[in-house]
Amino acid sequence: MPSADRLAIVLAAGLGTRMKSAHPKVMHEVGNLSLVGHVLAAVKAAEIERIAVVVGPDMADLEAEVARRAPQATCHEQTERLGTAHAAMAAGPAYADAPRQVLVLFGDTPLITAETVARVSAGLETGADLVVLGFETDTPTGYGRLLTTNGSVTAIREEKDASPEERAVRLCNSGIMAFDGRIFADILSRIGTDNAQGEYYLTDAVEIAHALGLTVVVETAEEDELQGINTRAQLARVEAEFQTRARARAMAEGATLVAPETVFFSHDTRIGRDVVIEPNVVFGPGVTIGDNVRVRAFSHLEAADVASQATLGPYARLRPGARIGEGAHVGNFVEIKNATVEAGAKVNHLTYIGDARIGAKANIGAGTITCNYDGYLKHHTDIGAGAFVGSNSTLVAPLTIGDGAYLGAGGVVTEDVPADALALGRARQVIKDGMGASLRTRFAAAKAEKAKTGDGG
Ligand code: UD1
Ligand code: CA
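This report concerns the structure included in the present document.

Some details on the packing of aromatic side chains
- The full count for this structure, using the stated rule, is seven aromatic pairs.
- Between the aromatic rings of phenylalanine 179 and phenylalanine 184, the centroid separation amounts to 4.8 Å while the plane-to-plane angle is 65 degrees, which identifies the pairing as edge-to-face.
- The buried category is assigned to phenylalanine 184, whose relative accessible area is 0%.
- Centroid distance phenylalanine 298 to tyrosine 315: 5.0 Å. Interplanar angle 5 degrees. Geometry classified as stacked. Placement of the pair is phenylalanine 298 in the loop between strand E17 (294-295) and strand E18 (300-301) and tyrosine 315 in the loop between strand E20 (311-312) and strand E21 (316-318), with a sequence separation of 17 residues.
- Linked through ring pairs, Tyr95, Phe179 and Phe184 together constitute an aromatic cluster.

Below you can see the structure in the form of structure tokens.
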């Protein structure tokens, strides 16, 4: 009894020789997410019930990424890299029960959207046996060309096998195809290696289906969405396209980007309404920004939560685990790591706060450092609400500063400070009357002596 499910096979084996990399090609990242992670996200969002990923041998990191991004997916090893049809066959156990539909996607085509995946799948519901997703481009070099007669596709010709006339065709194969589950295994078994590269080409499925009298249909989407990545230059091009879309989405959802082309997002950046993002801001993975936040120029954020009304930067650095409370201020050259800055607190200048809590409305003076690491372990610093930490304080963790405590400037604070106490952790100042003037006289005389003997300067 055939399965009623749809199966997506994502082809992801190989290092991609032209990447010149030791890592699987699909583990390179766009918007700080692996290429295969993008494809899996689109397949999941399109609600394709089953996912099989074809990986190469010894690709534990890729298998871990698949488990992270799509825990329901199965991984199948293609032991030798003999072409895209051979790769699809490696997923044999996944389609042995003849799923209702089999979609094949490439792990190196990360900008494909869930809508397009759904559209290709829906194409099969209207009577087609095979749906091919193509795109029009002015720069078809490297892609398979879709050959058509009287409006229907008869074959896909790979660049290396194409005649000059075929190379002039601008309608290209994206690599995404959807098969009626009843024909998939049979068609795959008919694909051979009689081509310029001696590989099993999945693209031959079209010519075979055509010859069998089956209905092959082309769906199209924009080139921007279907660009494949074979080189680092293409990776950069796709990154640029990803950023263009992310910027447009942030603005459409109510954020002001003063210079959009200088702001860089990650795949999972979440930005509230009426947020202003000044030029040259980088969002690493895992950042959430509440409403009415201002992110000033040259700030760098990753794995951080910023509540509404807060202001950051210029030149703020939020590292993983930074949680910035409502209306808090994090100013220039301030680094926050694994620390909570509670509502209304201010950390405005030249400061490192790591493994800490800064209570509501506390004020942290310029140059404050939490000494959180002793070379072996990390320690926590807890600063109470409304505390005042004087400039250039060195807070040696573990340390607790009570609510409303007041720390004089320049202290090396090693002992807990009770609430509302004053702590002075520095040497007492000494005054010597007239000594400044006499020092000056002595130094001037020494300089004059040096000049006389000729080695002054
Ligand atoms: C392929 C298509 C081409 C299409 C282009 C779209 C074939 C023969 N060619 O060419 O028509 O225009 O993509 O981007 O299908 N892979 C495996 N095992 C293999 C070979 C490939 O898993 O043995 C995977 C790769 O990891 C990659 C995908 O399949 O994600 C496509 O392979 P790639 O070598 O990049 O094919 P292209 O030459 O780009
Ligand atoms: Ca490719």
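Don't stop here, the text continues.
Here we look at the pairing of strand E9 (residues 152-157)
- Bridge analysis of strand E8 (residues 145-149) against E9 gives five bridges, and the strand direction is antiparallel. By the bridge assignment for E9, threonine 149 is matched with serine 152.

Considerations on helix H1 (residues 35-45)
- Counting buried residues along H1, eight of its eleven residues qualify, which places the element largely inside the surrounding structure.
- Taken residue by residue, H1 has Leu35, Val36, Gly37, His38, Val39, Leu40, Ala42 and Val43 as its buried positions.
- Two residues or fewer after H1 comes glutamate 47, characterised by a positive phi angle close to 60 degrees.

Quick word on the coordination of the calcium ion (ligand 2)
- Coordination sphere of the calcium ion (ligand 2), protein contribution only: Asp108 (OD) and Asn230 (OD1), at 2.2 to 2.4 Å. Of this pair, aspartate 108 sits in the loop between strand E6 (101-106) and helix H5 (114-125) while asparagine 230 sits in the loop between helix H9 (223-226) and helix H10 (232-252); the two residues are 122 residues apart in sequence, bridging distant segments of the chain.
- Assessed through its relative accessible area of 12%, aspartate 108 is described here as buried.
- Residue asparagine 230 is classed as partly exposed on the basis of its relative accessible area of 30%.

Examining unusual backbone geometry
- Each neighbour pair has its own omega, and for glycine 313 with proline 314 the value is 0 degrees, a cis peptide bond.
- Residue placement: proline 314 occurs in the loop between E20 and E21.
- Positive phi is not limited to glycine here, since aspartate 355 has a value of about 55 degrees.
- Within the secondary structure layout, aspartate 355 lies in strand E24 (residues 346-358).
- Judged by its relative accessible area of 8%, aspartate 355 is buried.

What about a nonpolar patch on the surface?
- On the surface, Phe298, Tyr315, Phe333 and Leu350 cluster together into a nonpolar patch covering about 410 Å² of accessible area.
- Within the secondary structure, leucine 350 is located in strand E24.

What counts, and at which threshold
- Numbers given to residues run from 1 along each chain, matching the order in which its sequence is written.
- Labels are handed out in written order, letters beginning with A for the chains and numbers beginning with 1 for the ligands.
- It should be noted that, the model being predicted, local features are given only for residues of pLDDT at least 70 and side-chain atom pairs only at 80 or more, the latter also being counted only at that level, while totals for whole chains, interfaces and linings use all residues.
- Calculated side-chain values reflect all of the structure's heavy atoms, with hydrogen atoms and water omitted.
- The aromatic pairing rule takes the rings of Phe, Tyr and Trp, using the six-membered ring of Trp, and pairs them if the centres are within 6.5 Å, calling planes under 30 degrees apart stacked, those over 60 edge-to-face and the rest tilted.
- Think of it in three bands: with a 1.4 Å probe and only protein chains considered, a residue is buried below 20% of the maximum accessible area for its type, exposed above 50%, and partly exposed in between.
- Runs of E in the DSSP output that reach at least two residues are strands. Runs of H or I that reach at least four are helices, and both are numbered from the N terminus.
- Following DSSP output, two strands are said to pair if at least two bridges run between them.
- Shown as donors are all N, O and S atoms within 2.8 Å of a metal ion, widened to 3.2 Å for Na, K and Ca; because water is not in the atom set, sites may appear incomplete.
- Patch members must show over 30% relative accessible area and no salt bridge, and they are joined within 9 Å when carrying like charges or within 5 Å when they are nonpolar side chains of Val, Leu, Ile, Met, Phe, Trp or Tyr.
- Only the protein chains shown count as cover for residues, and all accessible areas are computed by the Shrake-Rupley method using a 1.4 Å probe.
- What counts as a salt bridge is simple: a side-chain nitrogen of Lys or Arg found within 4 Å of a carboxyl oxygen of Asp or Glu.

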